[in-house]
Amino acid sequence: MNLHWLIPITVDAAFQFTSKNEMARAYKGLGYKITTTAAYVNEKIPLDGFSRVDYVHTPSGSIWRKLVFHWQLFKSIWGSKADVIMFGFQATHLLPFACIVGLLIGRPKLIMDIRTVPVDLEGSRGKIETFRYQLALRLANRFCDGFTVITPMLGETVLPKMQRLADKMGVWTSGVHLDQFQRSGEDRRIELGLEGKQVLLYHGVMSPNRGLQNALRAVHNLRDEMPELVFLFVGDGTGKHELEVLSKELGIDDRVVFTGKVPFVDIATYIRCANLAILPFPNITWWAVSSPIKLMEYLAVGIPIVATNIEANRWVAEQTGGAILAVDDKPASLVASIRVAFNDGVEPATPELLEATISWNRQASQLAEFVKSL
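Residues numbered from 1 in each chain as written. Predicted model: local features only at pLDDT ≥ 70, side-chain atom pairs only at ≥ 80, totals over all residues. Heavy atoms only, no water.

## Side note on the overall build of the protein chain
Item 1. Looking only at helices and strands, one finds 15 helices and 13 strands in the protein chain.
Item 2. Against the 2.2 N^0.38 benchmark of 21 Å for 374 residues, the protein chain shows a C-alpha radius of gyration of 21 Å, consistent with a compact globule.
Item 3. For the protein chain, the spread of C-alpha atoms along the three principal axes comes to 70 × 45 × 40 Å.
Item 4. Relative to its 374 residues, the protein chain shows a buried fraction of 53%.
Item 5. By sequence separation, contacts in the protein chain at least 24 residues apart represent 71% of the contacts at least 6 residues apart.
Item 6. Surface summary for the protein chain: the accessible area is close to 16,400 Å², and the carbon and sulfur share equals 52%.
Item 7. Counting 39 positive and 38 negative side-chain charges, the protein chain places the centres of these two groups 10 Å from one another. (Helix = DSSP H or I, 4+ residues; strand = E, 2+ residues; numbered from the N terminus. Rg over C-alpha atoms; globule rule 2.2 N^0.38 Å. Buried < 20%, exposed > 50% of the residue type's maximum accessible area, 1.4 Å probe, protein only. Contact = heavy atoms within 4.5 Å. Areas by Shrake-Rupley, 256 points an atom, 1.4 Å probe, with all protein chains shown as cover. Lys, Arg positive; Asp, Glu negative; His and termini not counted. Charge placed at Lys NZ, Arg CZ, Asp CG, Glu CD.)

## Structural notes on helix α15 (residues 360-373)
Item 1. The terminal C-alpha atoms of α15 lie 20 Å apart, and with 14 residues this matches the ideal 20 Å at 1.5 Å per residue to within 8%.
Item 2. Every buried residue of α15 is accounted for by W360, Q363, A364, L367, A368, F370 and V371. End-on, the buried residues of α15 take up no more than an arc of 160°, which puts them together on one face. Counted as exposed and oriented over 90 degrees from the buried face of α15: K372 and S373. (Expected span 1.5 Å × (residues − 1). Arc of directions from axis to C-beta.)

## Considering the pattern of salt bridges
Item 1. Throughout the structure, instances matching the rule amount to nine salt bridges.
Item 2. One salt bridge in this structure joins D113 and R115, with 2.9 Å as the shortest N-O distance.
Item 3. Its salt-bridge partner being D266, residue R188 comes within 3.6 Å of it at the nearest N-O pair. With R188 in the loop between β7 (169-171) and α6 (189-192) and D266 in the loop between β10 (256-258) and α9 (267-271), this residue pair connects regions lying 78 residues apart in the sequence.
Item 4. Overall, D266 belongs to the partly exposed group, its relative accessible area being 22%.
Item 5. Among the charged side chains, a network of salt bridges with common partners joins E22, R25 and D48. (Salt bridge = Lys/Arg side-chain N within 4 Å of Asp/Glu carboxyl O.)

## Focus: the sheet that holds strand β2 (residues 34-40)
Item 1. Ordered in space as β3-β2-β1-β4-β5-β6-β7, the seven strands form an open sheet in which the pairing is parallel. Each edge of the sheet is formed by a strand with only one pairing partner; in this case those strands are β3 (52-57) and β7. Between one strand axis and the next, the sheet turns by 25° as a mean value, whatever way the strands run. (Pairing = 2+ DSSP bridges. Axes fitted to C-alpha atoms, helices over the stretch in contact; angles between N-to-C directions.)

## Points about the packing of helix α1 (residues 18-29) against α15
Item 1. Packing of α1 against α15 leaves a shortest axis separation of 8 Å and a crossing angle of 70°. Classed by the angle they form, the pair α1 and α15 counts as roughly perpendicular. Relative to α15, α1 is oriented so that their crossing is right-handed. Between α1 and α15, the contacting residues are S19, E22, M23, A26 and Y27 on the first element and W360, N361, Q363, A364, L367 and A368 on the second. (Parallel < 35°, antiparallel > 145°, perpendicular 65-115°, else oblique. Left-handed = near helix turned anticlockwise from the far one by under 90°.)

## Overview of a nonpolar patch on the surface
Item 1. A contiguous nonpolar patch, built from I63, W64 and L67 and spanning about 390 Å² of accessible area, is present on the exposed surface.
Item 2. You can see L67 is positioned in helix α2 (residues 63-79).
Item 3. With a relative accessible area of 52%, L67 lands in the exposed category. (Patch = residues over 30% accessible without salt bridge, like charges linked within 9 Å, V, L, I, M, F, W, Y side chains within 5 Å.)

## Considering the packing of aromatic side chains
Item 1. Counting across every chain of the model gives 13 aromatic pairs.
Item 2. Chaining the aromatic ring pairs together yields one cluster made of Y202, F231, F233 and F258.
Item 3. The ring of W172 carries the charged tip of R115 above its face, separated from the ring centre by 3.5 Å.
Item 4. Between R142 and the ring centre of F143, over which it is positioned, the NZ or CZ distance is 5.0 Å. (Phe/Tyr/Trp six-rings, centres within 6.5 Å; stacked < 30°, edge-to-face > 60°. Lys NZ or Arg CZ within 6 Å of the ring centre and 35° of its normal.)

## Describing α2
Item 1. Given a rise of 1.5 Å per residue, 17 residues ought to cover 24 Å, and the 24 Å separating the end C-alpha atoms of α2 matches this to within 8%.
Item 2. All of the buried residues along α2 are V68, F69, L73, F74, S76 and I77.

## Points about the environment of M1
Item 1. Relative to the helices and strands, M1 is located in the segment before β1 (3-6).
Item 2. Separated by 151 residues in the primary sequence, M1 and P152 place their C-alpha atoms 23 Å from one another.
Item 3. When sequence neighbours within four positions are dropped, the list of residues in contact with M1 reads Y27, Y32, D83, A368, V371 and K372.

## Quick word on the sheet that holds strand β8 (residues 198-203)
Item 1. In spatial order, the strands read β10-β9-β8-β11-β12-β13; together these six strands make up an open sheet with parallel pairing. Taken across any chain shown, the strands that pair with only one partner, and hence form the sheet edges, are β10 and β13 (323-326). Averaged over all pairs of adjacent strands, the angle between strand axes in this sheet comes to 25°, irrespective of strand direction.
Item 2. Judged from the four bridges that link them, strand β12 (residues 305-308) and β13 form a sheet pairing that is parallel. Opposite I305, over in β13, you have A323 as the bridge partner.
Item 3. Contacts between helix α12 (residues 311-320) and the sheet are confined to β11 (276-279), β12 and β13, with β13 contributing the most and set at about 150° to the helix.

## Overview of the pairing of β2
Item 1. For β2, the buried fraction is high: seven of the seven residues fall into the buried class.
Item 2. Neither face of β2 is open: one carries I34, T36, A38 and Y40, the other T35, T37 and A39, and all of them are buried.
Item 3. Direction of pairing for β1 relative to β2: parallel, over a ladder of three bridges. Paired with L3 across the two strands is I34, which belongs to β2.
Item 4. Pairing of β2 with β3 involves six bridges; the strand directions are parallel. Across the sheet, the residue bridging to A39 is V56, located in β3.

Just distances and angles here, no functional claims.
Now the structure itself:
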């Protein structure tokens, strides 16, 4: 049951490594060892959820050091005493070598873990990411003993390429640390000038294809009906500038607050500023098969949620409650759901229900059960 997780991650450059650390912490909490190998450019940000982390220094812009990092990943396969080696799709090029090593020194189980389809695809980078993803599926189908996905919906999209492993699929989703994302505690309303305001929140990556432009238009359409409504954006991304420009064009830039990127340990204090959170993702494959960690964090803090009625959001809301599902991501639909949320309220899910459904402890148990099944 001991697991070595290969996720080629640069800890002081990656935006989203915290979820992996929290999953590792929960898996370790079940009494198993979980190890990894990680890169860093300047700072060894601690992945304290793991039993052991082997760090590799990869100076920015150094191709040689990146090659050294991948060599260290390969060596970690050779030296691993784990029962299971789990590959993120960015590491699946190492699968053939893992099979050879297994034949020589005793073969651990090999699992591919798929957290997302490639998203926010643009230009040549998008084509490269799509090619890597498709190659990873083919390699996994050839060499792995099983695979895990973030949602059953994502599983349905990859099964045509994973026919040999059709009955060897496990599911573990994004989760939340319920002790960290508590309902009471510090918030930043005074610091952000939000006292007396009705705060609508989005936090996380801002990119052009997440429906955030329509959420801004919804706030514009509510400006007279809800004069104290403020849209709080916490995070950063390639779409931030477009949102700043749009808010000015709509004449609501005095009702929109951008904080920029904030440390993960502070996220709960920003969520507690909100009266309502929003996930306005359009109904495209990128988001319909996803498991947005922000949704879990909103549920844990007990903030009412408006989310578009796409499969990923619906799958969670049907288990937990705590959300109103807008018909689609059009401004009129978002306005209608925001109005209902403010006027009628939303009953939050109980902590006990969240522990049983979306906690990291639950996700670690799901992974452990799947490994046992192999």
